Amino acid sequence: MATVTLNNVIKRFGVFEVVHGANIDVKDGEFVVFVGPSGCGKSTLLRMIAGLEDISGGEIAIGGKLVNDVEPADRGIAMVFQSYALYPHMSVEQNLSFGLRMTGNPKADTDRRVKRASEILRINELMKRRPRQLSGGQRQRVAIGRAIVREPQVFLFDEPLSNLDAELRVQMRVEISRLHKELGTTMIYVTHDQTEAMTLADRIVVMRAGHIEQIGRPLDLYDNPDNQFVAGFVGSPKMNFISGRIVGHDVHGVVVELAGQEKTRIAQPLTGAAPEAGSKVMVGVRPEHFGSAGEGDTDLVVRIDVVEHLGGTSFLYARTANGDDVVIQRDAANVPDASEITVSVRKSYLFDEKGLRLR
Amino acid sequence: MRYQNATAYRFLAPYLLIFAIFWVWPIIDSFMISFQATRTVPWRFAPTFNWGRLIGDPAFFNALKNTLLILVIQVPVMITLALVMAVLLNSPLLKARGLYRFAFFAPVVVGEVAYSAVFRLMFNLNFGIINKLLNSVGLPSVDWFSNVTPAMALIMIAVTWRWAGYNAIILLAGMQSIPEDVYEAATLDRVSKLRQFFFITLPLLKPVIVFCLVLSIIGTMQLFTEPFLITERGGPGGGTETLGLLLYRQGFRSLNFGYASAVAYTMAGLAIAITLVQLWLTREPK
């Protein structure tokens, strides 16, 4: 087990900078997830920790030891790849033991490690099979097994579940979570799927365009996002954004008028400096924070386009008078028949024109 | 559906007709000719005339021996060389990769007569650059065209020069289809580059290597140009005569088409047999 520290880590491809000074402290035994849209630099960051990609600036330390110039094999890490990267011509057993055999590890110890990994991942019956004779989930288990036999200080996962179907993804997610509890090893996991991030992580690192937008525990990010990007990225369905304008202040705080609905005003307490009256803002409302008319601060008229019934919960896909799309969460028993309804906003977030949170 | 098929076949008919006349029929006809005595007109049916002669013909066994000797020595050497060239071409350290790729492939597109003429000049006893190079390091000149062993070596060198690059390009394509992350996983497993080559690249490249071997075996069984043009019709004294050359000599110089057909079918049969044995030896375990 080990800590992983990234200090102002930069990555450039030629003149093009793709990671702009990342600072992250991963604690011993922690499960940290790097999440962000495609091309945000999260995989590059992981590959820099693994040593598969050179770093252009900054420092990376694993277990307190600077590893900038240390070979990948000597960093005490093991990596699970998106495409599994199994050796196609070897059996599962050979895949697991290959690295140990090549480095002259004693046979008894190799056998012990392979046996332990196969028991942990319940792949004992697959040991003689080749990768092509395995399902996607089984292949991924073998890939994880290959990482386990190395007995690393840190596990690195590069989008390990993205090639699996939805059902298997949920199953493997639980298995990885169980594995973390069982091994207690530091794990760094890259995904573009915010649900994976929310369910697996002790802490999440949200990235966009090579920048770290926010680091925090899953529910902290959900309840207290620093900016509009994090607010929109974390949560499913996404947070709704309705354009508005500051019209003044009252005893409750700053008063925002929603675009296209002059009579709908939302008061939001702010501890920091409030923007001037007339400033444009974005009002963020999570789907579950819409209530029935008269329940919350203010009422908003929306036209319902589509209703999705998911069993206990339903989602109403609607549009405001100004044309902003919104998703409203309701109990299945509480779905209105009318095509136009009035909803209240029980809780909202304010973001300025640059997308920064107004607190 | 049946009507559509009929229409399709009507469109295909001109091609199929030409294919049948100029491709299928000669194959069948030559097989039938191999059972005829064709040294005198009129030809007559004599099933054992050519095939019987084949079994006892020293010229045939000489050509067979030469062909198989070239096959056994030249093909493995060429494939090994092609593999080395493919590894070099695949190296990220190599600059001007496109230029090398072109250079390695160029011998295939050079005219056979031109390349043979250049080889004859290069290996000339008195003024060839090869003998000059041998002399410069203190070795005596070699008469490449008058002695059997150097002449066979010359044929093998020429064939290797011509086809190694071609095979290297095929092997390179195979190498580039091996996913990079397999090597990355091996790097993390502390496997050295050399061991990665022997334990990952070579096994994964096996189907492509087998493909190159099959192509080379078929090509060598039909070898004609080099012994015809470089060592002047299989010289010295038939020392480099191959089955292809024997076929040509019998068919187009002696006009003994029956015997030439029997040789042709023997060549094809041997190529198929050797290829099948080789495919069986290199088959994937289930």
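Residues numbered from 1 in each chain as written. Chains lettered and ligands numbered in written order. Predicted model: local features only at pLDDT ≥ 70, side-chain atom pairs only at ≥ 80, totals over all residues.

## Considering the overall build of chain A
Then comes step 1: Secondary structure assignment for chain A yields eight helices and 21 strands.
Then comes step 2: Dimensions of chain A, computed from the C-alpha atoms along their principal axes, are close to 75 × 45 × 35 Å.
Then comes step 3: Counting across all 359 residues of chain A, residues that qualify as buried make up 40%.
Then comes step 4: Intrachain contacts of chain A at a sequence separation of at least 6 include 65% that bridge at least 24 residues. (Helix = DSSP H or I, 4+ residues; strand = E, 2+ residues; numbered from the N terminus. Buried ≥ 20, exposed ≤ 12 C-beta atoms within 10 Å, placed from the backbone. Contact = placed C-beta atoms within 7 Å.)

## Focus on the overall build of chain B
Then comes step 1: For chain B, the count of helices and strands is 12 helices and two strands.
Then comes step 2: Sequence-ordered secondary structure for chain B, helices as α and strands as β, is α-β-β-α-α-α-α-α-α-α-α-α-α-α.
Then comes step 3: Counting only C-alpha atoms, chain B reaches 75 × 70 × 35 Å along its principal axes.
Then comes step 4: Considering chain B as a whole, with its 286 residues, one finds that 31% of them fall into the buried category.

## Thoughts on the pairing of strand β9 (residues 203-208) of chain A
If a strand is regular, its side chains alternate between the two faces of the sheet.
All names here are of chain A.
Then comes step 1: Where strand β3 (residues 31-35) meets β9, four bridges bridge the pair, whose relative direction is parallel. Note on β9: the bridge partner recorded for V33 is I204.
Then comes step 2: By the bridge criterion, five bridges tie β9 to strand β10 (residues 211-216) in an arrangement that is antiparallel. When the sheet's bridge partners are listed, I204 is paired in β10 with G216.
Then comes step 3: Between β9 and β10, which pair antiparallel and follow one another directly, the connecting turn spans two residues, one of which, A209, has a positive phi of 45 degrees. (Pairing = 2+ DSSP bridges.)

## Regarding the interface of chain B and chain A
Then comes step 1: Contact residues are listed per partner, giving 14 residues for chain B and 16 residues for chain A.
Then comes step 2: Those elements giving two or more residues to the side of chain B that touches chain A turn out to be α8 (180-188) and α9 (193-221) of chain B.
Then comes step 3: Broken down by element, the residue count for the side of chain B that touches chain A peaks at six residues, all from α8 of chain B.
Then comes step 4: For the side of chain B that touches chain A, a count of residues per class yields eight nonpolar, one polar and five charged. (Nonpolar A, V, L, I, M, F, W, Y, C, P; charged D, E, K, R; others polar.)

## Thoughts on the domain arrangement of chain A
All names here are of chain A.
Then comes step 1: By domain assignment, chain A separates into domain 1 (4-233) and domain 2 (240-358).
Then comes step 2: The straight-line distance from the C-alpha centre of domain 1 to that of domain 2 is 38 Å.
Then comes step 3: Facing the seven residues of domain 1 at the interface are eight residues of domain 2.
Then comes step 4: Class assignment of the residues belonging to the side of domain 1 that touches domain 2 gives a composition of three nonpolar, three polar and one charged. (Domains from an automatic or database assignment.)

## Digging into the sheet that holds strand β11 (residues 240-250) of chain A
The strands making up a sheet associate through backbone hydrogen bonding, with each pair oriented either parallel or antiparallel.
Then comes step 1: Taken in spatial order, the six strands of this open sheet run β13-β12-β11-β14-β20-β21 (chain A), and their pairing is antiparallel. Taken across any chain shown, the strands that pair with only one partner, and hence form the sheet edges, are β13 (261-268) and β21 (357-358) of chain A.

## A few points about the packing of helix α2 (residues 47-56) of chain B against helix α12 (residues 257-281) of chain B
Angle between the axes and distance between the axes are the two parameters that describe a pair of packed helices.
All names here are of chain B.
Then comes step 1: The geometry of α2 relative to α12 is characterised by a closest axis approach of 9 Å and an angle of 60 degrees between their N-to-C directions. As summarised for this structure, α2 and α12 are arranged oblique, according to the angle between their axes. Both α2 and α12 take part in a crossing whose hand is right-handed. Contacts between α2 and α12 involve F49, N50, W51, R53 and L54 on the former and, on the latter, G258, Y259, A262 and T266. (Axes fitted to C-alpha atoms, helices over the stretch in contact; angles between N-to-C directions. Parallel < 35°, antiparallel > 145°, perpendicular 65-115°, else oblique. Left-handed = near helix turned anticlockwise from the far one by under 90°.)

## Regarding helix α1 (residues 42-50) of chain A
Residue and element names in this part refer to chain A.
Then comes step 1: Within α1, eight of the nine residues are buried, which leaves it mostly tucked inside the rest of the structure.
Then comes step 2: Residues of α1 that are buried: K42, T44, L45, L46, R47, M48, I49 and A50.
Then comes step 3: Note on α1: the residue one or two positions beyond its end, G51, has a positive phi of about 90 degrees.

## Overview of unusual backbone geometry
All names here are of chain A.
Then comes step 1: Cis geometry marks the peptide bond from S236 to P237; its omega dihedral reads -5 degrees.
Then comes step 2: Phi at N8 takes a positive value of approximately 50 degrees, unusual for a residue other than glycine.
Then comes step 3: Of note, N8 is situated in strand β1 (residues 4-13).
Then comes step 4: A positive phi angle is found at A85, which is not glycine, with a value near 55 degrees.

## Quick word on the confidence of the model for chain B
Then comes step 1: For chain B, mean pLDDT is 91; residues scoring 70 or higher make up 99% of the total.
Then comes step 2: Reported for the predicted complex are a pTM of 0.83 and an ipTM of 0.83. (pLDDT = per-residue confidence, 0-100.)

## So, the sheet that holds strand β19 (residues 340-345) of chain A
All names here are of chain A.
Then comes step 1: Across the sheet, which stays open at both edges, the five strands sit in the order β15-β19-β16-β17-β18 with antiparallel pairing between neighbours. Edge strands, defined here as strands with exactly one partner in the open sheet, are β15 (290-292) and β18 (325-331). Sheet twist, expressed as the mean angle between neighbouring strand axes with direction ignored, is 55 degrees.
Then comes step 2: Inspection of the sheet shows strand β16 (residues 299-309) paired to β19 by five bridges, in the antiparallel sense. Looking at the pairing, V301 lines up with T342 of β19.

## Looking at helix α4 (residues 136-149) of chain A
One turn of an α-helix holds 3.6 residues; hence residues three or four places apart share an orientation.
Residues and elements named next belong to chain A.
Then comes step 1: Between the first and last C-alpha of α4 there are 20 Å, a value that for 14 residues agrees with the 20 Å anticipated at 1.5 Å per step.
Then comes step 2: For α4, a buried count of 12 out of 14 residues is recorded, marking the element as mostly surrounded by other parts of the structure.
Then comes step 3: All of the buried residues in α4 are Q138, R139, Q140, R141, V142, A143, I144, G145, R146, A147, I148 and V149.
Then comes step 4: The inward-facing, buried residues of α4 abut β6 (77-80), α2 (92-102), α3 (107-121), β7 (154-158) and α5 (166-183). (Expected span 1.5 Å × (residues − 1).)

## Considerations on the packing of α4 of chain A against α5 of chain A
Residue and element names in this part refer to chain A.
Then comes step 1: Two elements in contact, α4 and α5, have axes separated by 10 Å at closest approach and are oriented at 25 degrees. The angle between α4 and α5 places the two elements in the roughly parallel class. Where α4 crosses over α5, the two elements pack in a sense that is right-handed. Together, G136, G137 and Q140 of α4 and L168, Q171 and M172 of α5 make up the contact between the two elements.
Then comes step 2: Counted by class, the contact of α4 with α5 contains two nonpolar, four polar and no charged residues.

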